[in-house]
Amino acid sequence: MTAAPDPKDPPRNDPADDDPVRRRREQVRRIVGLANRLGYLLLVVAIVVFFVGVATDFTSTKAGIIVGTLVASCVLLAPTIVLGYAVKAADRDDRERGL
């Protein structure tokens, strides 16, 4: 059973629903958000494993985990930070132009 729309709410005519560029930009924004979260999570894992290794014995396995997670986080974060700024700049440009 669906609820009836509230008559006080205006109809939603979001131009992003019809514009393929804005749909694509929203898709990129979601992917960038997920990749940023994963990249920062990998960075946290590297830091935690490093301090665990410092507090206990620093094995080659822990060093491998640290290096692997640092490399993976850099590979994820470098392009997603740039793409995140690009999406924000495109949104700002649209607002300034009144689109």
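Along every chain, residues carry numbers that run from 1 in the direction the sequence is written. In keeping with the predicted nature of the model, local features appear solely for residues at pLDDT of at least 70, side-chain atom pairs appear and are counted solely at 80 or more, and the whole-chain, interface and lining totals rest on all residues. As a convention, hydrogens and water are excluded, and side-chain values are obtained from all of the structure's heavy atoms.

1. Digging into the environment of R25
Stage number 1. Working definition: helices are DSSP H or I runs of at least four residues, strands are E runs of at least two. Numbering for both runs from the N terminus. Residue position: R25 is located in helix α2 (residues 20-55).
Stage number 2. Burial classes: relative accessible area under 20% of the type maximum marks a residue as buried, over 50% as exposed, and values in between as partly exposed (1.4 Å probe, protein chains only). Residue classification places R25 among the buried residues on the basis of a relative accessible area of 13%.
Stage number 3. Expressed as a C-alpha distance, the spacing of R25 and A90, which sit 65 residues apart in the sequence, is 8.7 Å.
Stage number 4. Pairs of residues are marked as contacts when any of their non-hydrogen atoms sit within 4.5 Å. Beyond its immediate sequence surroundings of up to four residues, R25 is in contact with V87, A90, D91 and D94.

2. Remarks on the packing of aromatic side chains
Stage number 1. In this analysis, rings of Phe, Tyr and Trp, with Trp reduced to its six-membered ring, are considered paired at centre separations within 6.5 Å, and the interplanar angle assigns stacked below 30 degrees, edge-to-face beyond 60, and tilted for intermediate values. Evaluation of the coordinates by the stated rule reveals two aromatic pairs.
Stage number 2. A ring pair is formed by F50 and F51, whose centres lie 5.3 Å apart and whose planes are at 75 degrees; its orientation type is edge-to-face.
Stage number 3. A relative accessible area of 37% means that F50 is categorised as partly exposed.
Stage number 4. Residue F51 is classed as exposed on the basis of its relative accessible area, which comes to 53%.
Stage number 5. For the pair F50 and F58, a centre-to-centre distance of 6.2 Å together with 75 degrees between the ring planes defines the contact as edge-to-face.
Stage number 6. Within the aromatic cluster, the residues linked to one another by ring pairs are F50, F51 and F58.
Stage number 7. Charge-over-ring placement is defined geometrically: NZ (Lys) or CZ (Arg) within 6 Å of the ring centre, and within 35 degrees of the ring normal. Of note, K88 hangs over the ring of Y85, and the distance from its end group to the ring centre comes to 5.6 Å.

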